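Spelled out from the first residue to the last, the chains are:
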Amino acid sequence: MALSLDREAYYRRLRRLYGSWQKGEEEYGGVDAIVVAVGVDEEIVYAKSTALQTWLFGYELTDTIMVFCEEKILFMASKKKVEFLKQVAHSKGGESANGVPAITLLVREKNESNKANFEKMIEALKASKGGKRIGVFSKDKFPPGDFMKSWNDCLSKEGFEKVDISAVVAYTMAAKEDGELNLMRKAAAITSEVFTKFFKERVMEIVDADEKVRHSKLAESVEKAIEEKKYLAGADPSAVEMCYPPIIQSGGNYNLKFSVVSDKNHMHFGAITCAMGIRYKSYCSNLVRTLMVDPPQEMQDHYAFLLQLQEEMLKEMRHGTKLCDVYGAVMDVVKKQKPELLSKITKNLGFAMGIEFREGSLVINSKNQHRLKKGMVFSINVGFSDLTNKEGKKPEEKTYAMFIGDTVLVDEEGPATVLTAVKKKVKNVGIFLKNEDEEEEEEEKDEAEDLLGRSSRAALLTERTRNELTAEEKRRAHQKELAAQLNEEARRRLTEQKGEQQIQKARKSNISYKNPALMPKEPHIREMKIYIDKKYETVIMPVFGIATPFHIATIKNISMSVEGDYTYLRINFYCPGSALGRNEGNIFPNPEATFVKEITYRASNMKTPGEQTVPALNLQNAFRIIKEVQKRYKTREAEEKEKEGIVKQDSLVINLNRSNPKLKDLYIRPNIAQKRMQGSLEAHVNGFRFTSVRGDKVDILYNNIKHAVFQPCDGEMIIVLHFHLKNAIMFGKKRHTDVQFYTEVGEITTDLGKHQHMHDRDDLYAEQMEREMRHKLKTAFKNFIEKVEALTKEELEFEVPFRELGFNGAPYRSTCLLQPTSSALVNCTEWPPFVVTLDEVELIHFERVQFHLKNFDMVIVYKDYSKKVTMINAIPVASLDPIKEWLNSCDLKYTEGVQSLNWTKIMKTIVDDPEGFFEQGGWSFLEPEGEGSDAEVGESESEMEDETFNPSEEDYEEEEEDSDEDYSSEAEESEYSKESLGSEEESGKDWDELEEEARKADRESQYEEEEEHGRSRKRKAPAGRGAHPRNPGPPKKKRK
């Protein structure tokens, strides 16, 4: 069976169960053995026996009998389930290794009586301790299938005394481990998301539009919402389900329990209670809130008191406190402050929660003597019912109830931690409507038919109108806070870094021979011929009759030519001033020395009498061998450069177990060899190993993965697992920080020769097959991911990009879809991939944001200022608002401007003088001045552009002179340009010149209008340059 079982968790939890049993507290004391039988029933969601199975194995196993005896454990199940359970049955050394009794697995035969197996289990029960009293979960009633019926009959014949141990087992399981708490936190986070982003928004829409919606319909819509990824906080929808159908009540009919269902009455706009709980990977969470539409003051006071009671309760919930004492403390507050509400408060104040939604034995009431333990999770719920609204006129308005509840975690010290962090103050749950008088004032300006058509309820005033601003204003306010924070943090970071001196790696010097003795004693050298010493990568050349060694690294290039009777060999050397590669500036340790730039050798092509070869042969051989040695040297240097800075990885620990998570038939990018090859990806103890069909291996360790991204095949032609690494790894002789494994979905090519018919059977079949293929692949990848996450105990978490937040842009040469994940911005489908970690980003700047442009660019500035900024070009302007919204939600500062800036220069300026940069206001230079103030409303875009970037007067003049030269051919023909360029000798002005000046003055007065038509005028009419308001001085003379 492909399912994997967490052996460590199983042994750890079984030890806890046996430990509690051996202590013999409460019902455990008189029990000789424990029997847990699970039948088949689709309708039973919560049962203690299935909860125990999920707790031990991570899965529910139907038609399975578990017998826990003092010295042995027996499991009886079908063949497949026994295969699954074998993972924990064969432990080396039996009991001593894991501290639990050895396990015996019995296979259930489908069509036989199973008598022999039943007898084995009965014998084991009789041999355990006294062999008379067995612990069972008496409340679990499964429908009597043949298998369960025959087992129960067999058990009854023996006359064992049955003891219900539900409560003590529940208490054993109640304190949660870290892994369980993480799942419960996730479940609580999803519940909070669904309530805030879906339910609350939907109720506000209903109230705003004065819709009539039934409670049951609204509850159904909440159940459908959990199928949509955007409400699931990045969780896998297949692992999310409701704990119970959401309970929505209003209009006088309230029952503050979790066993009721939403009725079919229409929602009344008064006190609306909503209870919902979401289960993630079998672990539950719960949330209760009351939304109030136009609450009178008394209702608000009661609600504030309810919040006070919940606070009191959280303070009391500490490790070691009795549940009845928590209840008593809350009741004392009610007696002291509002005794009239004693009869209205809910009978119990909550219950323990975990794999089961409600733990009946751990309820917070006046009688429960159980003590709280660190790690227990409770659903606490406080409510008042049957309260009277004195201002109510209609029957449904006269009675109301209030109910609030949260999922909380008990800690060692201090108050319990709330896991469902949904705001619950009056201002957050109150929906306030406008008065009719205010409406009339506003509507006087509207047309008559609008007035007649509107209902008296009018526009909704909740958090989004009177109390809150528009989305843009809200964003601006948040961005202002971020700006101050950003400058402060950046200044502090740079000050800390100042102490750390950057160590520059010295370039190794290439010395041919450390002493003359190492020089080869070859006849070629004595004969004054060119000799190449391959061992030391040196060319020995005769210079003025002396054999002189030159290391191959000093040779820039060589060329050979034949002219008439002679062959010429020309050797060029690197020397200061010659064109170097980008990173070869510091190649010369002593640039002031004298350098040889080139040497040319000549040899005859004519054979002299008595010689076997022509003299030019030496030059030809030298040319060939120098080329070879040079190539080998450059290849080695390139490889060393690649290896530079590579962090040594730990060795991969291979897990020899065959049930490792594994994906077959994947391609790797970048390719290991020239051709792409298939292979399989397998998860081991501390990392992945990809093995190609040829046998190449690539190891990726879990602790070296910065981002693991799963890109599903929805709307894509490939399905991808992408790993962005912390430190580069080497394979295929190159270093890589991005490695991905993918498989193609469907055909990437289309046959254009085929006639396309809409209802072609073959086409329909092919589409159907592709859909199935996609589904199959997605399921396989998801299963692999889940197993890997379980194997790494959630340390490695795969992120799925949010496609709905994606936008198009060109980070490299081609446009692709960039999608945010919870911690990065990625594109994994195109190559090269694009991954930006949001935590490393300092701020985002949008360039070329103008009305008449369809696209804009995005510049990503990193916290590490020495890192080059990332540019994403050609983003459609329609994506600007969604991108701002997303960045704002990630607490990332963004700015925008109309021009493209020289970022290399800006970053150099900042790095050279960080203190000066922050003294001048830091990053605020990117903000358009006077943003948000009404004074600047009339300011045109072009003026904003000028303020964003002010070149100095000298720069401007230089630029203008250059542009005059550029346009000189046009300028000679243009009469305006003659004026702007001035004349060589200043003399009295004639009428034409005076008229020209008048025209110029007119043009200056119309400057702003012209500016709005764009700056393109500069290029169309060079004469306009002379009329620029920034440069009122005398016209520039043309440079000769």
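Here the structure is a predicted model, which means the values were calculated and not measured.

Before we move on, could you go through the overall build of the protein chain and cite the residues and values that matter?
The secondary structure content of the protein chain amounts to 29 helices and 40 strands. Every one of the 1040 residues in the protein chain was classed for burial, and the buried ones make up 45%. For the protein chain, restricting intrachain contacts to residue pairs at least 6 apart in sequence, the fraction spanning at least 24 positions comes to 65%. Carbon and sulfur atoms make up 49% of the accessible area of the protein chain, which totals about 57600 Å².

Report on the side chain of Asn 618, specifying residues and quantitative values.
Checked against the element boundaries, Asn 618 lands in helix 18 (residues 616–643). Here Asn 618 falls in the buried class, since its relative accessible area comes to 14%. Those residues within four positions of Asn 618 in sequence are excluded, and the remaining contacts are His 524, Lys 529 and Ile 530.

Residue-level account of the pattern of salt bridges, with values.
What the rule picks out here adds up to 43 salt bridges. Here Lys 197 ties to Glu 193 by a salt bridge, and the two come within 2.9 Å at their closest N and O atoms. Of the two residues, Lys 197 and Glu 193 both sit in helix 8 (residues 178–209), four residues apart, roughly one turn of that helix. Given a relative accessible area of 44%, Lys 197 falls into the partly exposed group. Salt bridges linked by common partners bring Arg 12, Arg 13, Arg 16, Glu 177 and Glu 180 together as one network.

Break down a positive patch on the surface for me, citing the residues and quoting the values.
Residues Arg 214, Lys 217, Lys 224 and Lys 264 make up a contiguous surface patch of positive charge. Turning to its location among the elements, Lys 217 is positioned in helix 9 (residues 215–225).

Before we move on, can you summarise the sheet that holds strand 37 (residues 841–847) with the specific residues and values?
Reading across the sheet, the four strands line up as 39-38-37-40 and stay open at both edges, with mixed pairing between neighbours. Each edge of the sheet is formed by a strand with only one pairing partner; in this case those strands are strand 39 (870–876) and strand 40 (893–896). Adjacent strand axes in the sheet meet at a mean angle of 20°, parallel and antiparallel pairs treated alike. Packed onto the sheet, helix 20 (residues 880–889) meets strand 37, strand 38 (855–862), strand 39 and strand 40 and runs at close to 165° relative to strand 37.

Kindly report on the sheet that holds strand 21 (residues 546–551), identifying the contributing residues and their values.
On the basis of which strands lie adjacent, the open sheet formed by three strands has the order 19-20-21 and antiparallel pairing. Edge positions in the sheet fall to strand 19 (531–533) and strand 21, since each has one partner strand and no second. Averaged over all adjacent pairs, the angle separating strand axes in this sheet is 30°, with direction ignored. Examined bridge by bridge, strand 19 and strand 20 (residues 538–543) share three bridges and lie antiparallel to one another. Bridging from a neighbouring strand, Asp 533 pairs with Thr 538 of strand 20. Each of strand 19, strand 20 and strand 21 is contacted by helix 18, which is oriented at about 25° to strand 19, the strand it contacts most.

Lay out the packing of aromatic side chains with the relevant residues and their values.
Each aromatic ring pair is specified by the distance between its two centres and by the angle formed by the two planes. One pass over the full model with this rule turns up 37 aromatic pairs. Ring geometry for Phe 258 and Phe 351: centres 5.8 Å apart, planes at 85°, overall edge-to-face. In this pair, Phe 258 sits in the loop between strand 8 (247–249) and strand 9 (271–276) while Phe 351 sits in strand 12 (residues 350–352), placing the two residues 93 residues apart along the sequence. Residue Phe 258 is classed as buried on the basis of its relative accessible area of 17%. Here Phe 917 and Trp 923 contribute two aromatic rings whose centre-to-centre distance is 5.3 Å and whose plane-to-plane angle is 80°, an arrangement assigned as edge-to-face. Across this residue pair, the class does not change: Phe 917 and Trp 923 are buried. Through a chain of ring-to-ring contacts, the aromatic side chains of Tyr 10, Tyr 11, Tyr 18, Trp 21, Phe 57, Phe 68 and Phe 75 assemble into a single cluster. Positioned above the aromatic ring of Tyr 566, the side-chain terminus of Arg 602 is 4.0 Å from the ring centre. Its end group placed over the ring of Tyr 862, Lys 867 keeps NZ or CZ at 4.2 Å from the ring centre.

Which residues make up the packing of helix 10 (residues 297–316) against helix 11 (residues 323–337), and what are the values?
Where helix 10 contacts helix 11, the axes come no closer than 9 Å and their chain directions differ by 145°. The interaxial crossing formed by helix 10 with helix 11 has right-handed handedness. Contacts between helix 10 and helix 11 involve Phe 305, Gln 308, Leu 309, Glu 312, Met 313 and Glu 316 from the former and Val 326, Ala 329, Val 330, Val 333, Val 334 and Gln 337 from the latter. By residue class, the composition of the contact of helix 10 with helix 11 is eight nonpolar, two polar and two charged.

Summarise a negative patch on the surface; cite the residues concerned and give the values.
On the surface, Asp 990, Asp 992, Glu 993 and Glu 995 cluster together to form a negatively charged patch. By the element assignment, Asp 992 lies in helix 27 (residues 991–1005). Of the residues examined, Asp 992 reaches a relative accessible area of 56% and is grouped as exposed.

Mind laying out unusual backbone geometry, listing which residues take part and the relevant values?
Note on backbone geometry: most residues besides glycine have negative phi, and most peptide bonds are trans. The step from Arg 669 to Pro 670 runs through a cis peptide bond, and the omega angle for that step is -5°. Inspection of the secondary structure puts Pro 670 in the loop between strand 25 (662–669) and strand 26 (678–683). Cis geometry marks the peptide bond from Trp 831 to Pro 832; its omega dihedral reads 0°. By secondary structure assignment, the location of Pro 832 is in the loop between strand 35 (824–827) and strand 36 (834–837). Here Ser 282, not a glycine, exhibits a phi torsion of approximately 75°, which is positive. Looking at where Ser 282 falls in the secondary structure, it is placed in the loop between strand 10 (278–280) and strand 11 (287–293).

Explain the nonpolar core residue by residue, including any values.
Residues Phe 68, Met 317 and Phe 378 are the most contacted members of the largest nonpolar core, which totals 138 residues. Broken down by element, this core gets its largest block of residues, 14 residues, from helix 8. Contact partners of Phe 378, with chain neighbours within four places excluded, come to Met 317, Leu 323, Phe 351, Ala 352, Met 353, Leu 362, Ile 364, Leu 372, Asp 406, Thr 407, Val 408 and Val 410. Listed in part, the 31 residues of the second largest apolar core include Leu 666, Phe 690, Val 698 and Ile 729.

So what's going on with the side chain of Glu 789? Residues and values would help.
Relative to the helices and strands, Glu 789 resides in helix 19 (residues 761–791). Of the side chains bearing the opposite charge, Lys 281 lies closest to the buried Glu 789, which forms no salt bridge; the N-O distance is 4.1 Å. One polar contact links the side chain of Glu 789 to the main-chain amide nitrogen of Phe 798, over a distance of 3.0 Å. Not counting residues within four places of it along the chain, the set of residues in contact with Glu 789 comprises Lys 281, Glu 794, Leu 796, Glu 797 and Phe 798.

Break down the environment of Leu 494 for me, with residues and values.
Inspection of the secondary structure assignment puts Leu 494 in helix 16 (residues 471–498). Note: C-alpha distance between Leu 494 and Tyr 865 (371 residues apart in sequence) is 9.2 Å. With residues near it in sequence (within four places) discarded, Leu 494 still touches Tyr 865, Pro 914 and Phe 918.

A description of the pairing of strand 31 (residues 734–744) should follow, citing residues and the corresponding values.
Here is the key point about a regular strand: its side chains alternate between the two faces of the sheet. Sheet analysis places strand 25 next to strand 31, joined by three bridges and oriented antiparallel. Counted as the bridge partner of Ile 668 is Phe 741 from strand 31. Note that strand 30 (residues 718–731) and strand 31 share ten bridges and pair antiparallel. Within the sheet, the bridge partner assigned to Ile 729 lies in strand 31 and is His 736. Where strand 30 hands over to strand 31, the hairpin turn is made up of two residues, of which Gly 732 adopts a positive phi near 60°.

Explain the confidence of the model for the protein chain to me, using residue names and the numbers behind them.
Scored by pLDDT, the protein chain comes out at a mean of 82, with 82% of its residues at no less than 70. Here residues 92–96 is a poorly scored stretch, pLDDT under 50, and it has four contacts once near neighbours within four places are set aside; other chains count. Long-range and interchain partners of residues 442–468, a stretch whose pLDDT sits below 50, account for 44 contacts in this model, where long-range means more than four residues apart.

Help me get a handle on the pairing of strand 23 (residues 566–573), residues and values and all.
In terms of strand pairing, strand 22 (residues 555–563) meets strand 23 through eight bridges, oriented antiparallel. From the neighbouring strand, Val 562 faces strand 23, where its bridge partner is Thr 567. What sits between strand 22 and strand 23 in their antiparallel hairpin is a turn of two residues, with Gly 564 showing a positive phi close to 60°. Direction of pairing for strand 23 relative to strand 24 (residues 598–604): antiparallel, over a ladder of seven bridges. Note on strand 24: the bridge partner recorded for Arg 570 is Thr 600.

Describe the environment of Tyr 633, listing the residues and the values that go with them.
With respect to the element layout, Tyr 633 can be found in helix 18. Under the relative-accessibility criterion, Tyr 633 is labelled buried at 8%. Measuring from C-alpha to C-alpha, the distance between Tyr 633 and Glu 537 comes to 7.8 Å, with 96 residues separating the pair along the chain. Among all residues touching Tyr 633, those that are not within four sequence positions of it are Asn 510, Glu 537, His 551, Ile 552 and Ala 553.

What counts and what doesn't
- Residues numbered from 1 in each chain as written.
- Predicted model: local features only at pLDDT ≥ 70, side-chain atom pairs only at ≥ 80, totals over all residues.
- Heavy atoms only, no water.
- Helix = DSSP H or I, 4+ residues; strand = E, 2+ residues; numbered from the N terminus.
- Buried < 20%, exposed > 50% of the residue type's maximum accessible area, 1.4 Å probe, protein only.
- Contact = heavy atoms within 4.5 Å.
- Areas by Shrake-Rupley, 256 points an atom, 1.4 Å probe, with all protein chains shown as cover.
- Salt bridge = Lys/Arg side-chain N within 4 Å of Asp/Glu carboxyl O.
- Patch = residues over 30% accessible without salt bridge, like charges linked within 9 Å, V, L, I, M, F, W, Y side chains within 5 Å.
- Lys, Arg positive; Asp, Glu negative; His and termini not counted.
- Charge placed at Lys NZ, Arg CZ, Asp CG, Glu CD.
- Pairing = 2+ DSSP bridges.
- Axes fitted to C-alpha atoms, helices over the stretch in contact; angles between N-to-C directions.
- Phe/Tyr/Trp six-rings, centres within 6.5 Å; stacked < 30°, edge-to-face > 60°.
- Lys NZ or Arg CZ within 6 Å of the ring centre and 35° of its normal.
- Left-handed = near helix turned anticlockwise from the far one by under 90°.
- Nonpolar A, V, L, I, M, F, W, Y, C, P; charged D, E, K, R; others polar.
- Core = buried A, V, L, I, M, F, W, Y, C linked by side-chain atoms within 4.5 Å.
- Polar contact = N/O pair within 3.5 Å; in protein donor to acceptor, adjacent residues only side chain to side chain.
- pLDDT = per-residue confidence, 0-100.

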